Every structure is written in structure tokens, then in C-alpha cells.
Amino acid sequence: MTGWILRLAPLFLLAFAYLLTGMLVSHTGLHAQIIPLWIPAGLALAAGIRFGYGVLPGAALGSLIFNLGQPSGWSFAFDAAELAAAVLISGGVLLQAVVGTWLVRHKTGNPLTARGEGRVIRFILLTGFAACMISATIGTLALNLLIQPEGSAGLVQDWLSWWLGDSFGAILITPLALALLTRRGQYTSRPHHFRLIHLFTGALLAILLTNQVYLLQLNNQLGNTFQRDMDVFHANLNRLYHQNLADLGKLERQFVQQQGMTAADFREATSAIFANNPSIRAYSWDPIVLPAARQRFETETRLELNRPDYAIYGDSPHPDDPLVVVQYVEPLELNTAALGFNLLSIEDRRRWVVQSQETGRAVATQILNLTQAPDEPGLLILQPVYLNARIDDSSLLSTEKQLVGFMVGVFTVSRMIDAAIELSHLQGIRVELTESGQAQPFYTRMQGMADNSRFTSLLSHSFDFDFAQQIWHFQISAGPTYLALSPGNNVLPFQSLLVLFSALVTAVILGMHNRETTLAHRVSEQTRNLAFQAQHDPLTGLPNRMKLENDLENSLANPETSHLALMFIDLDRFKLINDSLGHLTGDHLLVELAARWMQELDETATLYRMGGDEFILLQHLPGKDRHHPAIEMAEKLLKSTCRPLQVDGMQLQVTASIGLVFSPSQGRDFNSLVRNADTALHQAKASGKNRMEIYQSSQTDATLLNFELEQDLRLAVNTPQILLHYQPQFSLDDQQLCGLEALVRWQHPHRGMIPPDQFIPLAEETQLIIPLGWQVIDLACRQLAEWLEQGEQPQCVAVNISPLQLLQSDFIEQLNLIVDAYGLSRRLLELEITETLLHQDPDFAFKQLKSLRLAGYRLALDDFGTGYSSFDRLKYMPLDRIKIDRSFVRDIGKNPKDEAIILSIIGLGKSLDIEVLAEGVEDASQQAFLKQHGCDSVQGYLLGRPVAQPVLSRAV
């Protein structure tokens, strides 16, 4: 039961709203059922758009109640025709609402949300003007064919008024109702939405007020018109009355002149009168017949009229009375019943006959039932006719001039009133006639309507009319039909202007609203896009660092979601792909790889891109200390990464390293979790890459130490903390000092002397190697200059040059400036390079080496044998010295393979005429082996440790 109530509630609410608004605007027109500003049409359409077709029968129900109650003044007294008309009208309302709803849903779109002025125009034309023809057509046909109600201006004008009224409702009220029915959150901007409601409400009130002001002025105007029409009507009554008296007088004079009339003369005389006077029903000649002459009179009249059945009927109640008999009557065909009637036989006729005889003037009877028309109220005007008298004192009617009879005008009130109304061109009025001294009217006439039609009096006028000594009181009322048909009524043109104005206002308001809504929507969309872009990576579409911070903060704030695993993912050697294949290919690889990873994730995990080739995966864990889902996910991602990818027509294979950290045990905020995961990631890379490492607190200590060391190194560069120690190099031929190698040292203010293997890799990683390298060159040159000033004859000093520094385009230029600034010979400086230089940019490296050689510098290849140098490339390198790495020298006498490599290097140097120096000589057997096999020079702890001030004249 409750379900039915809930389903039917919207229907009954719509019926109530339809009925209530219909009652509110029912006074805005002249017709009881055709309202020029029909607001309910818009309510029905809005309800269909908002709630669907199921509520539209409510509009039909409201229409049915309105059309049954409004015409009867809400007494609900109706007949079958009125019920049928109301049912047809409600059916038209329902059909129109259904069609309008369908048009909005499938053709024009909701007027409040439709984009573009074209859709607004289509809404006005299709849903407003076109669809509203349905109800107008059905409704006006039902009214005009079935009941013909008051206020009708004709089928065409009724249809136009109905159509315009419904169009007004559909065009102006529908958007307003939709705006009122829109729930909070469904509109883009609250201020814009309420301004839309205010604009439509203001337009509606302005139009209704304008219509009411116009109706007031129209009522005043029509009141004046009605007064003029009543004056005309009164004048026409007088004209007809006097014309009738004149016509009777004319007949009387003609009778007197001819000293009587035959039936033919009478017919001829009256025919001209009938042609010009529609108000008369009949004329009769009623002569006075003495009772003694009755038989002779009847005989003569039968012969004259050729009517054998003619006879006098009606005896006078007074024995002495003569007979006043109808002898001639015209038109005869309609009044044969009056032939032979004795006027003195009925008292209501007799007294008027006597009064006319006594006064000698025309006398009108009171309203009486005519002999020839007993169902119609009528009256007689008796005009006495006198001829030269024949004195007969015994005669009741004797006079000096003998009264020979009466010319009688026979009138029905309806003919007389209709003639006056027709002459006055009146329609839609009700005429009530009351005789003087009487309370009830004897005659009621509703002109332009059926006699059983309801009549609503809007205007009234009364006057007294003297009709041949009878006073008639006229009460004339004008109803809606009179107003509708009045020539001064221009309601329809004015209504058309209001509807066109409402259409224009709707187009302007909706156009403005749609532009504002579109702009607000675009701003909102752009804001969402900007917010999305701010929290998402533009390349892969993945959430970015900002989104990660927000999501992580929200998750950590909730104890139920604070158990997390955070994986820091970094591709191994991704820079090589960018450098070799280009950044575009690298970007495409990242997109493809991100898409592959996304396929591996479940609903508990979210992937973020931090930038470059760094990604973070955030995974919600089922509980504390339940880490196995994260470990399994990491292993799955590593396996997925290793599978080949098709990128830009190439098959690429990459690996990744992952640092894994857990919350809350290993971090309770964004910074600590990401920092610890990054630490674990570096540990994974340091352990060989393509693996996953779980964070350990000890890793943080090492990372923190490395970070502090980096910060201190940045402060130490270009300060006295950086100093050089020199390790001597000796020739095996003459055992003399043949050179020095400058080895950089860092005198840390707190940690003491730090060897190069602890800070040189850090300098390489942080790019500090370049300023550090220039400082080393400057220190070495300064030391050489001091030795020269002291009179010493130093051999060349070897300085290690980083590939990063050597591959700078202005390296040689800067080097020359430093060396020349100290006034040194360039042969005093030996530049040591490593084999990795040849892999990074071999062509430019060869060009740089040749330029350095041409500039006069000595060149040495350090740590030879540990890299992958090609012998083919080596033969083209302008080298002065090859240095055998200490890893081979260390195993002399222990590893024949290392000895074989040493012999090969010595042989290569001999064949290429390049000096060979062995590093790391720490015992005499190593020195003896090298000397025995032709090595040119050596250096090592056996011969001399690195010191700040070496002895330049020292020998082995």
C-alpha cells in the first residue's frame, strides 16, 4: 500500500499544482476555459521532463477537474456534453505533455542544460509553438462542437487564443519550473541558478501584471462601448416603436381615405410595411360588427376571403357589446387562427379596446398570450379608425365620428427585441423585460447563446421604455461573449505580443544562462583538468607525487588503512636508452611499461610516477606484519619488466630495481617512507640491479653518512681541505725518479684525512668532479711552479682527469690558461685518462686527445687492462704511457694468467712505442719480474708512498 502511495504521490501533486495554477490565472481571460496565459501547460511539460512520462496523467486529472468546475462556478453542475468536452480537453493536455516531453528528451534537450542557442530556439519552436497545437486543436473543437460556452470568439480565434496560452506556459513556465525542481548539486553554479529563477519569475510577474493592467483598461473601454451600444439599442427600440405607430397610422389614414379596404387592399398595404419592419408579427383589421349584422358580416367575409369556414368566435361577456372581429390579417398564412376572433370576448383585450375608444389614440395592451402564438409573450397596439358618423344614440360606440373598427398591430416581444438587437449589432447579451409594477420579468432573451447556456454578467445597463402607455423595464447584461466579440476587443493581438515577448525573454534568459553555464562548466572542467594535471603525470596519465602525498596522508590518518607497502621503482640503465635511442623512444618505453604494470595490479595497489624513470607503488596490506602480498607484487613487477617490449618498431628489454618499505613500522609520513624506500632502492642497485631490497635501518645510516659526506664535499671544493700527495715513479733502467703522480686527498676538519676512494665516486655522481678536477690541476701547477722557483728540476707530474671533465668542449682552452698562468712547460704535465672515456663519446674523445697532444701535454692511459678497450682503437690513440693496473701486479708470482696479461701489455707498449708503467709494486719480486720482462717504470709502496712534499732527487 505504501508503495502505491509513493508512486501515485507525484501524480496527485501534479494534478493539484495544475488545478491550483489554473484557478490562479483563470481571471486573466474572458473565456471560462480558454485562458490566454496558461501556466499549467508549462508545469505539465516540466513535470514530464523532470520525472518522466508516469506523472503526466496528473496533468490530465487536474485539467479534468478544472474544466468541470470552472464553467459552473465550482458547483460541478454539468451535463453529459460538458463532461465529454472536459474529458476530451484533458486527453489533449495529456497528449500534448507526452509529445512535448518526447521532443525535449530526443530532439531539443533540457532548456536549462542545452548547449548552444540553436537548441534554445528549437525548444521554443518545437516544444513551445508546435507541440501546443495539439491541446488547442482538441480543446477548441470539443468546446465549439459540444457545448458552445460563453466567451467564445469563434473557432479560429478560440484556437489561436488557446494555442498562444499553452505556448506561453510551455515557453516561459517550463524553464522556470525546471529550475525550481532542480535539486542542489545538480546545477553548476548556485548564484547563476538562483539568478535564472529570479529572471524568469520577474518576467512572469511582469507579463501577468501587464496583462492585468491591460484587462482593466480594456474593461473600462468595453464598459464605455457597452454604454454606447445600450444607447443605440434604446434608440433603435424607440425607432421601431415609432415606426410601428407610424405604420398603423398610415394604414388608418389609407383606410379613411378609401372609406374602407378590401382584403386585397389590406394585403397590398401591409406587404410594403413587412418589407421594412421586421419587428411586427402581423397586422389585422378588426371592424366593429353589431350583433344583428353578424350573419351578414360572416357571409360577406367568407366570399371576400374565399374561406367558407370563416366565422366569428368568442362571445362578449357583456350582452350590450358589439363585436370587434378580426376580418383581415396579414400575413395570412401565419395568422389564420386569429380570423374571426372577437377581441371583446376576453377581458384582457376588452379593456384595452375600450381604452383606445375612449382616448381616441393608439393603445398598447399589456403582455398577453396571442391567439396565433399562444406560447410567445406578445402585445397588441390598437389604432382606432373613425369614419363620418351615422348618429345612433342607442349604439354603445356612437360618436360624432363613427368608430368603425381598429387597425391592430400584433407584436411578439422576441421579434421586437431581436429586431432592435440586430439593428444594434449586439451579441452575447441577456435582455430581461419587466412590466411596470411587476417583480418577475415576463421575457428573458440571451442573444448569441443557447437559451440553456450559463451566463456570467460582466456589464449591465437598465432603462424604462414607454410603449404606447405601457412602461417596460429593460435590464440588459453583457457577458464574456459580448466582450469577446466586441469590435473594441483587441485581446488576441495583445496576447500574441505577450507570448512573443515571453518567447524573446526566454530565448535571452536561456541564452545568457547557457553561456554562463557553459563558461562555468568550462571553468569547472578546466579546473578539474588542472587539478587532474596537477595530480597526474602528463606522459603516462598516472598519479604523480602530489597525488601520492595526498593519498598517503589520507591513508596514514586512518588506522584501518595505515598498513601500507611503498615500493620505489627505478629502471636500470634507462639513461643509456635516452642517450642512444632518444628521449622520445624513452618516453614511449615508459608509457608501454606503465601500461604493463597497471595490468599486474589489483584493487589494493596504486601506481604513481615520480618523474623520469622513477615510479612508486602504494599497496594497502591486509594487516600489521603481513608483508607477503607486497613482496609477491614486487617480484611480479620485476618479472613483468624483464619481458621484451615493442617500442617504435624495436624490441627492447629493460630491468628495474625496487626499494620496499612498510608502514607504519618503517615510516609514518610521506617523507620518511619515500626516503627509506629510496635508500632500499639504492641498495638494490648497488647489489647488482634487477632486484628488490627491503629497507633496513642500517641502510639509512650508510645513506645518511653518504649524504653528509656529499654536503661536506661541496663545502670543501676550492678550499684548503683539498690537497695533493705525490707518489714517485721510477725508471727501471737507471733506477732514477722519472715522474710523480698527484693524488688528491681531503683533509676533513672532523673526520681527518679521507682517501680518494671514499669521495671520488661521490664527486663523479654529484658532478663535483669537474670543479674538483680543476682544483687538482691548479694545485699541481702551483707546486710545479714552486719547485721551479726553488731551483729544482722536476720531472712531469701526472694528474688524473675525469671523463666528465675531459669531454667538456672548453677543457683544452681552460687547461692552457691555467698552465700558461704559472709559466710552465706543458710537457711537465701528464694527463691520465681511463678506458671508460673511450665508451662515452669515442669520436670526440679521440679529437680531444689529439688536440692535447698537439698542445704539448703528455698523455697516459690509466688502469689499462681493466676495461674493454679495443686494440684497434688503442693504436690510434696519441699516448705517451700505458699504466698497468695494480690488480695484475698484485698477483705476480701467484697467478700465471695475470703475468701473461702483464707480458702482453709490455709487448703491446713496445710494439706501439709507448712507455709502460706498472702500478702497485709492493715487493722486490714484483719489481724484479717487471724489470726482467722490459717494463719501463714502476710506482708503489715498495718505492715510495704518496707524500705532500716528495724529494725530487731521490733514486731507488
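Residues numbered from 1 in each chain as written. Predicted model: local features only at pLDDT ≥ 70, side-chain atom pairs only at ≥ 80, totals over all residues. Heavy atoms only, no water.

**Some details on unusual backbone geometry**
With glycine set apart, most residues show a phi of negative sign, and most peptide bonds adopt trans. Applicable threshold: Numbered from the N terminus, helices here are DSSP runs of H or I no shorter than four residues, and strands are runs of E no shorter than two. Accessible area is worked out with a 1.4 Å probe on protein chains only. A residue is then buried under 20% of its type maximum, exposed over 50%, and partly exposed in between.
Residues Glu330 and Pro331 are joined by a peptide bond in cis, for which omega reads -5°. With respect to the secondary-structure elements, Pro331 resides in the loop between β3 (328-330) and α11 (332-335). The step from Ser663 to Pro664 runs through a cis peptide bond, and the omega angle for that step is 5°. Looking at the secondary structure, you find Pro664 in the loop between β17 (656-663) and α20 (670-686). For Asn306, which is not a glycine, the phi torsion comes out positive at approximately 60°. Looking at the secondary structure, you find Asn306 in the loop between α10 (294-305) and β2 (323-324). Residue Asn306 is classed as exposed on the basis of its relative accessible area, which comes to 65%. Even without glycine at this site, Gln767 takes up a positive phi of about 70°. Position of Gln767 relative to the elements: it lies in the loop between α22 (756-765) and α23 (769-789).

**Comments concerning the environment of Tyr695**
Along the chain, Tyr695 falls in the loop between β18 (692-694) and α21 (697-716). By relative accessible area, Tyr695 is classed as buried at 8%. Along the primary structure Tyr695 and Asn676 are separated by 19 residues, whereas in three dimensions their C-alpha atoms are 6.4 Å apart.

**Thoughts on the nonpolar core**
Put simply, the test is: Each nonpolar core is a collection of buried residues, namely Ala, Val, Leu, Ile, Met, Phe, Trp, Tyr and Cys, held together in the definition by side-chain atoms within 4.5 Å. Segment limits for the domains were obtained from an automatic or database-derived domain assignment. Whether two residues touch is decided by their heavy atoms; if any such pair falls within 4.5 Å, the residues are in contact.
Of all hydrophobic cores here, the largest spans 144 residues; its most connected members are Phe168, Phe233, Met407, Ile417, Phe467, Phe474 and Ile476. For this core, the element with the most residues is helix α8 (residues 190-257), which contributes 20 residues. Both of domain 1 (1-182) and domain 2 (252-388 + 401-448 + 456-483) provide at least three residues apiece to this core. Dropping the residues within four chain positions of it, Phe467 is found in contact with Tyr241, Ala364, Leu379, Ile381, Met416 and Trp472. If you look at the next biggest cluster of nonpolar residues, it comprises 75 residues, including Leu772, Val799, Leu806 and Ile892.

**Description of the sheet that holds strand β13 (residues 605-611)**
Keep this limit in mind: When DSSP finds two or more bridges between two strands, those strands count as paired. An axis is simply a line fitted to the C-alpha atoms; with a helix, the fit covers only the stretch in contact. Between two such axes, the angle follows the N-to-C directions and lies from 0 to 180 degrees.
Pairing is mixed in the open sheet, where five strands are placed in the order β13-β14-β12-β17-β18. In this open sheet, the two strands that pair with only one neighbour each are β13 and β18. On average, adjacent strands in this sheet sit at an angle of 20° to one another, irrespective of strand direction. One ladder, built from eight bridges, connects strand β12 (residues 564-571) with β17; its direction is antiparallel. Bridge pairing in β17 links Ile569 to Ile658. With respect to the sheet, helix α19 (residues 628-642) is in contact with β12, β13, β14 (614-620), β17 and β18, its orientation differing from that of β17 by roughly 165°.

**Looking at the pairing of strand β25 (residues 881-884)**
Across the two faces of β25 the burial is the same, with Arg881 and Lys883 and Ile882 and Ile884 all buried. Alignment of strand β24 (residues 858-864) against β25, held across three bridges, turns out to be parallel. Looking at the pairing, Leu861 lines up with Ile882 of β25. The sheet contact formed by β25 and strand β26 (residues 915-918) spans four bridges and is parallel. Paired with Arg881 across the two strands is Glu915, which belongs to β26.

**Notes on the state of the cysteines**
Heads up, the rule is: Cysteine sulfur pairs qualify as disulfides if the two atoms are within 2.5 Å.
Per the counting criterion, the structure on display carries zero disulfides. Counting only cysteine sulfurs, Cys796 is the nearest neighbor of Cys781, a cysteine outside any disulfide, at a range of 13 Å. Using a relative accessible area of 1% as the deciding quantity, one classes Cys781 as buried. Counting only cysteine sulfurs, Cys738 is the nearest neighbor of Cys796, a cysteine outside any disulfide, at a range of 7.2 Å.

**A few points about the domain arrangement of the protein chain**
Segmentation of the protein chain into domains returns domain 1 (1-182), domain 2 (252-388 + 401-448 + 456-483), domain 3 (545-695) and domain 4 (708-939). Taken over C-alpha atoms, the centre of domain 1 sits 64 Å from the centre of domain 3.

**Quick notes on the side chain of Asp880**
What counts, and what does not: Side-chain atoms alone can form a polar contact between residues adjacent in sequence; in general such a contact is a pair of N or O atoms within 3.5 Å, and within protein one must be able to donate a hydrogen while the other accepts it.
Within the fold, Asp880 resides in the loop between α28 (871-874) and β25. Given a relative accessible area of 11%, Asp880 falls into the buried group. Among the polar contacts made by the side chain of Asp880, one reaches the side chain of Arg853 at a distance of 3.3 Å. Other than its neighbours up to four places away in sequence, Asp880 contacts Arg827, Arg853, Tyr857, Arg858, Leu859, Ile914 and Glu915.

**Observations regarding the layout of surface pockets**
Condition: Only protein atoms enter the calculation, which uses a 1 Å grid: trapped sets of points that fit a 1.4 Å probe without letting it out are cavities, open sets showing protein on both sides within 12 Å along at least five of seven lines are pockets, and any residue with an atom within 4 Å of a point is a lining residue. Grid points are joined across faces, edges and corners, and a volume is the space filled by probe spheres set on the points.
As a volume, the largest pocket reaches approximately 1100 Å³. Around the largest pocket, the lining comprises 41 residues; the ones closest to its centre are Glu741, Leu743, Asn800, Asp862 and Asp863. Breaking the lining of the largest pocket down by element, the ones donating at least two residues are β20 (737-748), α22, α23, β22 (797-800), α24 (803-806), β23 (829-833) and β24.

**Digging into the pattern of salt bridges**
The test is simple: When a carboxyl oxygen of Asp or Glu lies within 4 Å of a side-chain nitrogen of Lys or Arg, that pair is called a salt bridge.
Under the defined criterion, the tally for this structure stands at 29 salt bridges. Of the charged contacts, one joins Lys547 and Asp551 as a salt bridge, the two residues approaching to 3.0 Å between their closest N and O atoms. Of this pair, Lys547 and Asp551 are both found in helix α16 (residues 545-557), four residues apart, which corresponds to roughly one turn of the helix. Of the charged contacts in the structure, one is a salt bridge between Arg826 and Asp820, with a shortest N-O distance of 3.0 Å. Taken together, the salt bridges that share partners define one network made up of Arg294, Glu298, Arg302 and Asp315.

**Observations concerning the packing of aromatic side chains**
We apply this condition: Any two of the Phe, Tyr and Trp rings considered here, Trp counted by its six-membered ring, make a pair once their centres fall within 6.5 Å; the pair's planes then place it as stacked at under 30 degrees, edge-to-face at over 60, or tilted in between.
According to the stated counting rule, one finds 22 aromatic pairs in the structure shown. Judged by centre distance (6.0 Å) and plane angle (70°), the rings of Phe66 and Trp74 are edge-to-face. Residue classification places Phe66 among the buried positions, given a relative accessible area of 1%. We classify Trp74 as partly exposed; its relative accessible area is 31%. When the centroid spacing of 5.7 Å and the interplanar angle of 80° are considered together, the rings of Trp746 and Phe759 count as edge-to-face. Pair noted here: Trp746 is in strand β20 and Phe759 is in helix α22, with a separation of 13 residues, a long-range link. Accessibility assignment for this pair places Trp746 and Phe759 in one class, buried.

**So, the pairing of β24**
Regular strands have side chains that alternate between both faces of the sheet. Across the seven residues of β24, six count as buried, placing the element largely inside the fold. In the sheet, β23 pairs with β24 via four bridges, with the strands oriented parallel. Residue pairing for β24: Leu831 is matched across the bridge by Leu859.

**Details of helix α30 (residues 896-912)**
Applicable threshold: Take the residue count of a helix, subtract one, and multiply by 1.5 Å to get its expected span.
Taking 1.5 Å of rise per residue, 17 residues should cover 24 Å, and α30 covers 24 Å from first to last C-alpha, within 8% of that figure. Of all the positions in α30, only Asp898, Glu899, Ile902, Ile905, Ile906, Leu908 and Gly909 are classed as buried. Put simply, Asn895 is the residue that caps the front of α30, since its side-chain oxygen is 2.9 Å from the backbone nitrogen of Lys897. Among the residues trailing α30, Asp913 stands out with phi positive, at a value near 60°.

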